[in-house]
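A closer look at the structure
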Amino acid sequence: MKNIVTNCLLIFGATVLLTSCMKDKCTRTYTWYEPVYKTSAEVRANIRSNQPRLVERPGKLSILGKYIFLNEVDRGIHIIDNTNPASPKNVAFIDIPGNVDVAVKGNTLYADAYTDLVTLDITNPLQVSVKKFVDDAFPYRRYSNGFVADTSKIIVDWVRKDTTVTIDCDREEGWFLGNCSRCAFSLEAASGGVKSSSPYGAGISGSMARFTIMNNYLYTVTDSKLNVFDISAVNDPQFINKVDIGWNIETIYPFKDRLFIGSNTGMFIFSTTNPGSPNMVSQFAHARTCDPVIAEDKYAFVTLRSGTTCQGFTNQLDILNIENLSSPFLVKTYQLTNPHGLSKDGNTLFICDGKDGLKIYNAENINDLRLIKQVTNLETYDVIAFNDVALVVAKDGLYQFSYSNLNDIKLLSRIGYKQ
Amino acid sequence: MKKLLQALVLCVCVSSIANAQQSGNSAKKDCGCSFSSINQAGLLEGSSGSAFQFQTINGMRYQKWFVGLGVGLDKYRFRTVPVFFDIRRDLLNKLNTPFLYGDIGASIPWVEDKDKTFWGRSEFDRGLFYDAGIGYKLNLGKGRAVLFSGGVSLKKIRETRHFDVACITFPCPGQSERYDFSLRRFSLKAGLQL
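Keep in mind that what you see is a predicted model, and the values were worked out from it rather than measured.

A word on the overall build of chain B
- A tally of regular secondary structure across chain B gives one helix and nine strands.
- The N-to-C order of helical and strand elements in chain B reads α-β-β-β-β-β-β-β-β-β.
- Put simply, 58% of the contacts in chain B that link residues at least 6 apart link residues at least 24 apart.

This is the structure we're talking about:
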């Protein structure tokens, strides 16, 4: 018995002594991006038509005439000659660091460049020239991926760095947000979308646009505000007003004298009877989701989708009656998989349904949408349907489909992205 | 510290051998294999604190040897289910005897929500599990015994945290981070062998 006790004591002793040297080891492996700076003067001097580049990370889209202006998130704008949709040509690239939004009117293009609004003359897309900078038009863009913009230096690129560090094994160490601010390009941007035609002499943008032009006004939305610029002198935009809307604003879409603004929690309708000072007419609340919106005379079409960023669990198309602008009401809901951007041309409705591809409906009777065709094997995000050609932003490229014959919708071309 | 460990193991062995010499040849001889089940519970002690563990190991006993497959519950740092191969050998031909054991296998994650990231989505992957040490067996008769053991245990587990960065351009850029945990602890167990 004595020996048993001895052995047990020895085991116990070993336990106690070894505890001090039994140390957990934890590592964290992450990627971060280090900014590459240029001086403000260097950046501004390079905002012009440069050599075309491969599309890498497309953002918003605007089309005007035979040209497609495609945002490369945070880097600039591709100019694509779409004279022949079956054979589009990438003809130039405008370097605009910090660019995510674009709007076009006549021969003038408006784009954000981090905090500034830049006005470009695009009379000759191969010889674009800067007409004006409006400094600090978008102060919320001062913060980019955790870096604060500087008036003298501008981030023009990011260098990827992979690293593994030993961390304290306590749960609080190394948590994401501590360094996420140093990750990747991100935060804002959007891709093209809707509007079958623009009566304002402006380019056609998408249902996910955050810039839009109506007559002599450029309207831009931030997370919480609607900014108004007077562009009656097209090359000399003047900031004239800022309207508080509420939080989580996502998109803006013009129709007649109304602005339809999509937010995470609902759709707002603003009247532009007084265009310099738009006022809210009504709102339609919905579950917390992402919701691009398009509208026409009687109806507004809102796609609601869920996802970690968007939150919520709703994936559907809501059709609202907006004949009485002050009290829009829900007419019909259609269940979808993960709808993103949408577009409507006449009675033909195009919906990007994520991994379910592009869905094309006959929307003559909004109470009975009929699926004409579903283009599968595409992960689609946004679409602009105009002039019998549907421009579709997908995960692996920019596609163009001809729908001049709805019974025979054909792929015209695809611009692939740089892998 | 390695020398200290070696010294301690040596002490236990020497002590046990001495015990064997004093007790004489009272061990009951096994003459064939038989099914045996070991069920034990205990503590895991390391720099992340103390945690409960439980194991059930079932296998064959042959003379001084036992081999089996085990499964358990390990709540050290993350809740995991160790699935492992176990081998152990009595050091003496006696009813009461020290023994050596070794386990090797995988830690299957069964992580509680509280241990997952709040900001994104956690995915856990299984990792190596081992436990090796020494113990003492107190025979209760009829093939039953009480076991006490202490050893060094390691479990590895990998967590990948996925975060979606808010954006309205698609696809939104994802962000992932990988965390590798090598959790070294001391393993104290007591149990019953049937």
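A short note on the overall build of chain A
- Within chain A, the secondary structure is distributed over three helices and 33 strands.
- Residue burial in chain A is summarised as follows: out of 419 residues, 47% are buried.
- A sequence separation of at least 24 residues applies to 51% of the contacts in chain A between residues at least 6 apart.

Some points on the sheet that holds strand E33 (residues 410-416) of chain A
Residue and element names in this part refer to chain A.
- Ordered by their spatial adjacency, four strands build an open sheet running E30-E31-E32-E33, and the pairing between neighbours is antiparallel. Two strands bound the open sheet, and with one partner strand each, they are strand E30 (380-386) and E33. Geometrically, the sheet is characterised by an average inter-axis angle of 20 degrees between neighbouring strands, direction not taken into account.

Brief notes about the environment of Leu371(A)
All names here are of chain A.
- Here Leu 371 lies in strand E29 (residues 370-375).
- Using a count of 12 C-beta atoms within 10 Å as the deciding quantity, one classes Leu 371 as exposed.
- Between the C-alpha atom of Leu 371 and that of Thr 348, which follows or precedes it by 23 residues, the distance is 9.8 Å.

Topic: the pairing of strand E9 (residues 116-121) of chain A
Residue and element names in this part refer to chain A.
- The buried fraction of E9 amounts to five of the six residues, a majority that puts the element mostly inside the structure.
- Sheet topology places strand E8 (residues 108-113) next to E9; six bridges connect them, and they run antiparallel. The partner of Tyr 110 across the bridge, within E9, is Thr 119.
- Hairpin geometry of E8 and E9 is characterised by an intervening segment of two residues between the two adjacent antiparallel strands and by a positive phi of about 55 degrees at Tyr 114.
- The sheet contact formed by E9 and strand E10 (residues 129-134) spans five bridges and is antiparallel. When the bridges of E10 are listed, Asp 121 appears paired with Ser 129.

Considering the sheet that holds strand E3 (residues 58-64) of chain A
Residue and element names in this part refer to chain A.
- The strand order E2-E6-E5-E4-E3 describes an open sheet built from five strands, whose pairing is antiparallel. The two strands at the open ends of the sheet, each matched to only one other strand, are strand E2 (49-50) and E3.
- Bridge analysis of strand E5 (residues 76-81) against strand E6 (residues 89-95) gives six bridges, and the strand direction is antiparallel. Across the sheet, the residue bridging to His 78 is Phe 93, located in E6.

Notes on the environment of Arg28(A)
- Here Arg28(A) lies in strand E1 (residues 25-39).
- Sequence separation of Arg28(A) and Thr163(A) is 135 residues, and the distance between their C-alpha atoms is 8.2 Å.

Here's the deal with the confidence of the model for chain B
All names here are of chain B.
- The predicted model of chain B averages 80 in pLDDT, with 78% of residues at 70 or higher.
- Of all the helices and strands in chain B, helix H1 (residues 2-23) carries the lowest mean pLDDT, 41, while strand E4 (residues 80-90) carries the highest, 94.
- Contacts for the low-pLDDT stretch residues 1-30, under 50 throughout, to residues beyond four places or in other chains number 37 contacts.
- As scored by the predictor, the complex reaches a pTM of 0.65 and an ipTM of 0.72.

Here we look at the nonpolar core
- One finds Ile261(A), Val383(A), Leu391(A) and Val392(A) to be the most contacted residues of the largest nonpolar core, which totals 95 residues.
- With six residues, the top contributor of residues to this core is strand E31 (residues 389-394) of chain A.
- Apart from the residues lying within four places of it in its own chain, the contact partners of Ile261(A) are Val221(A), Leu226(A), Ile245(A), Ile249(A), Thr251(A), Ile252(A), Met267(A), Phe268(A) and Phe270(A).
- Counting residues in hydrophobic clusters, the runner-up holds 11 residues, among them Leu44(B), Leu154(B), Ile157(B) and Phe181(B).

Some points on unusual backbone geometry
Residue and element names in this part refer to chain A.
- Within the chain, Tyr 114 stands out as a residue other than glycine whose phi angle is a positive 55 degrees.
- Looking at where Tyr 114 falls in the secondary structure, it is placed in the loop between E8 and E9.
- C-beta crowding within 10 Å serves as the criterion here: with 22 such atoms nearby, Tyr 114 is assigned to the buried category.
- For Asn 377, which is not a glycine, the phi torsion comes out positive at approximately 65 degrees.
- Relative to the elements of secondary structure, Asn 377 occurs in the loop between E29 and E30.
- C-beta crowding within 10 Å serves as the criterion here: with 8 such atoms nearby, Asn 377 is assigned to the exposed category.

Considerations on the confidence of the model for chain A
- Here chain A averages 82 in pLDDT, and 81% of its residues register 70 or above.
- Mean pLDDT values over the elements of chain A span from 38, in helix H3 (residues 177-180) of chain A, up to 96, in strand E28 (residues 358-362) of chain A.

Description of the environment of Arg88(B)
All names here are of chain B.
- Within the secondary structure, Arg 88 sits in strand E4.
- Expressed as a C-alpha distance, the spacing of Arg 88 and Gly 133, which sit 45 residues apart in the sequence, is 9.5 Å.
- In this view, Arg 88 contacts Phe 66, Phe 99, Leu 100 and Tyr 101; residues no more than four positions away in its chain are not counted.

The rules we used
- Residues numbered from 1 in each chain as written.
- Chains lettered and ligands numbered in written order.
- Predicted model: local features only at pLDDT ≥ 70, side-chain atom pairs only at ≥ 80, totals over all residues.
- Helix = DSSP H or I, 4+ residues; strand = E, 2+ residues; numbered from the N terminus.
- Contact = placed C-beta atoms within 7 Å.
- Buried ≥ 20, exposed ≤ 12 C-beta atoms within 10 Å, placed from the backbone.
- Pairing = 2+ DSSP bridges.
- Axes fitted to C-alpha atoms, helices over the stretch in contact; angles between N-to-C directions.
- pLDDT = per-residue confidence, 0-100.
- Core = buried A, V, L, I, M, F, W, Y, C linked by C-beta atoms within 7 Å.

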